[in-house]
Amino acid sequence: MTEWIIQIVQQFGYLGIFLMLILARALPPIPAETVIPLAGMGAATGEFNLLLVALAAGLGSAVGELVWYAPAHWMGRERFEAFLGRHGHWLTVKPEQVHRATGWFARRGGLAVLLCQPLPGLRTLISVPAGACGLPMGVFLLYAAAGATLWSLVLAGTGYLVRVGFPWIADLMVPGTLLLFIVLIGAYVLRLVRHRRDSRRAARTGVSRSGG
């Protein structure tokens, strides 16, 4: 996985960064937070421009989040929550989580999309109420791209500084990326197991109460 990510970025340059971030936002276990520092390290050797890395990553991130925004936007809040009631266990997302996030989003508007970009998981979840509340797609993309670009600049700058000042840390990035990917997959499986266990427990509780 790690070598494949590096090959994509090296072969396709900024387009590769853009595509990897789309994939990372559509499929959260993809370790986007290591793709960007790796590109930042390339900027330290003259392979990339730091600002263009951040821009490519920010735009890719915003486009990738459309995967979560668009269904909620097209289906509306009620229909989307009903869908999550049937299939949400695969996403480890419950309708009540979306309901709470929608209320929080309604109070803060598109600014919430921008502020949530540095937070893994939350930036994905906030895309759902943004769509369900009818935030225009252009406005959503603007906030998401702005927040993701700023955060990507921080990550790319960190990779740049590591390559310049602490080159030995750069040698640990490849095994570190693989380890992070394994941890993320493990976390997803754990959340899936807990989600299904809680759902069964809630179903049994409901049956007991109705029977009593």
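Everything discussed here concerns the structure shown above.
No experiment lies behind these values; they were computed from the predicted model shown. (Residues numbered from 1 in each chain as written. Predicted model: local features only at pLDDT ≥ 70, side-chain atom pairs only at ≥ 80, totals over all residues. Heavy atoms only, no water.)

Asker: Mind showing me how you'd approach the overall build of the protein chain here?
Answerer: Of the regular secondary structure elements, the protein chain holds eleven helices and zero strands. Moving toward the C terminus, one meets the helices and strands of the protein chain in the order α-α-α-α-α-α-α-α-α-α-α. Taken across its 212 residues, the protein chain has 40% of its residues classed as buried. Residue pairs at least 24 apart in sequence account for 75% of intrachain contacts in the protein chain once pairs closer than 6 positions are excluded. (Helix = DSSP H or I, 4+ residues; strand = E, 2+ residues; numbered from the N terminus. Buried < 20%, exposed > 50% of the residue type's maximum accessible area, 1.4 Å probe, protein only. Contact = heavy atoms within 4.5 Å.)

Asker: Help me understand the side chain of glutamine 117, please; the structure alone is not making it clear to me.
Answerer: Mapping glutamine 117 onto the fold places it in the loop between helix H6 (111-115) and helix H7 (122-125). A distance of 3.2 Å separates a polar atom in the side chain of glutamine 117 from a polar atom in the side chain of glutamate 65. Discounting residues that sit within four places of it in the chain, glutamine 117 has contacts with Ser61, Glu65, Arg123, Ala144, Gly147, Ala148 and Trp151. (Polar contact = N/O pair within 3.5 Å; in protein donor to acceptor, adjacent residues only side chain to side chain.)

Asker: I would appreciate a short explanation of the nonpolar core in the present structure.
Answerer: As a rule of thumb, soluble globular proteins bury nonpolar side chains together. Core analysis: the largest hydrophobic core is formed by 16 residues, its most contacted members being Ile17, Ile36, Phe48 and Val53. Looking at this core, the elements that each hand over two or more residues are helix H1 (2-12), helix H2 (14-26), helix H3 (32-44), helix H4 (50-91) and helix H9 (137-165). It is H3 that provides the largest number of residues to this core, a total of four residues. The contacts of isoleucine 36, once residues within four sequence positions are left out, are Leu21, Val53, Ala57, Ser152, Leu155 and Ala156. If you look at the next biggest cluster of nonpolar residues, it comprises nine residues, including Ala62, Leu66, Val113 and Phe140. (Core = buried A, V, L, I, M, F, W, Y, C linked by side-chain atoms within 4.5 Å.)

Asker: Explanation requested: the environment of leucine 51 in the structure shown.
Answerer: Tracing the backbone shows leucine 51 in helix H4. For the pair leucine 51 and leucine 153, spaced 102 residues apart in sequence, the C-alpha separation works out to 6.9 Å.

Asker: What should I look at first to understand the side chain of serine 61 in this one?
Answerer: By the secondary structure assignment, serine 61 is in helix H4. For serine 61, the side chain forms a polar contact with the side chain of arginine 25, separated by 2.7 Å. The residues touching serine 61, leaving out its near neighbours within four places in the chain, are Leu21, Arg25, Gln117 and Ala148.

Asker: Can you help me understand the packing of aromatic side chains in this one?
Answerer: The geometry of two aromatic rings is summed up by the distance between their centres and the angle between their planes. According to the stated counting rule, one finds two aromatic pairs in the structure shown. Aromatic side chains tyrosine 14 and phenylalanine 48 sit 5.4 Å apart centroid to centroid with 65 degrees between the ring planes, which places their arrangement in the edge-to-face category. Of this pair, tyrosine 14 sits in helix H2 while phenylalanine 48 sits in the loop between H3 and H4, placing them 34 residues apart in sequence. An angle of 20 degrees between the planes, with centres 4.5 Å apart, marks the rings of tyrosine 69 and phenylalanine 140 as stacked. Of the two residues, tyrosine 69 is situated in helix H4 and phenylalanine 140 in helix H9; the sequence distance between them amounts to 71 residues. (Phe/Tyr/Trp six-rings, centres within 6.5 Å; stacked < 30°, edge-to-face > 60°.)

Asker: Can you walk me through H9 in this structure?
Answerer: Each turn of an α-helix holds 3.6 residues, which means side chains three or four residues apart point in the same direction. The first and last C-alpha atoms of H9 sit 41 Å apart over 29 residues, in line with the 42 Å expected at 1.5 Å per residue. Residues Phe140, Ala144, Ala145, Gly147, Ala148, Thr149, Ser152, Leu155, Ala156, Gly157, Gly159 and Val162 constitute the buried set of H9. (Expected span 1.5 Å × (residues − 1).)

Asker: So what exactly am I meant to see when it comes to the pattern of salt bridges here?
Answerer: It is possible for side chains of opposite charge to pair when their charged atoms get near one another. Across all of its chains, the model carries one salt bridge by this definition. Of the charged contacts, one joins arginine 25 and glutamate 65 as a salt bridge, the two residues approaching to 3.9 Å between their closest N and O atoms. Placement of the pair is arginine 25 in helix H2 and glutamate 65 in helix H4, with a sequence separation of 40 residues. Neither residue differs from the other here; arginine 25 and glutamate 65 are each classed as buried. (Salt bridge = Lys/Arg side-chain N within 4 Å of Asp/Glu carboxyl O.)

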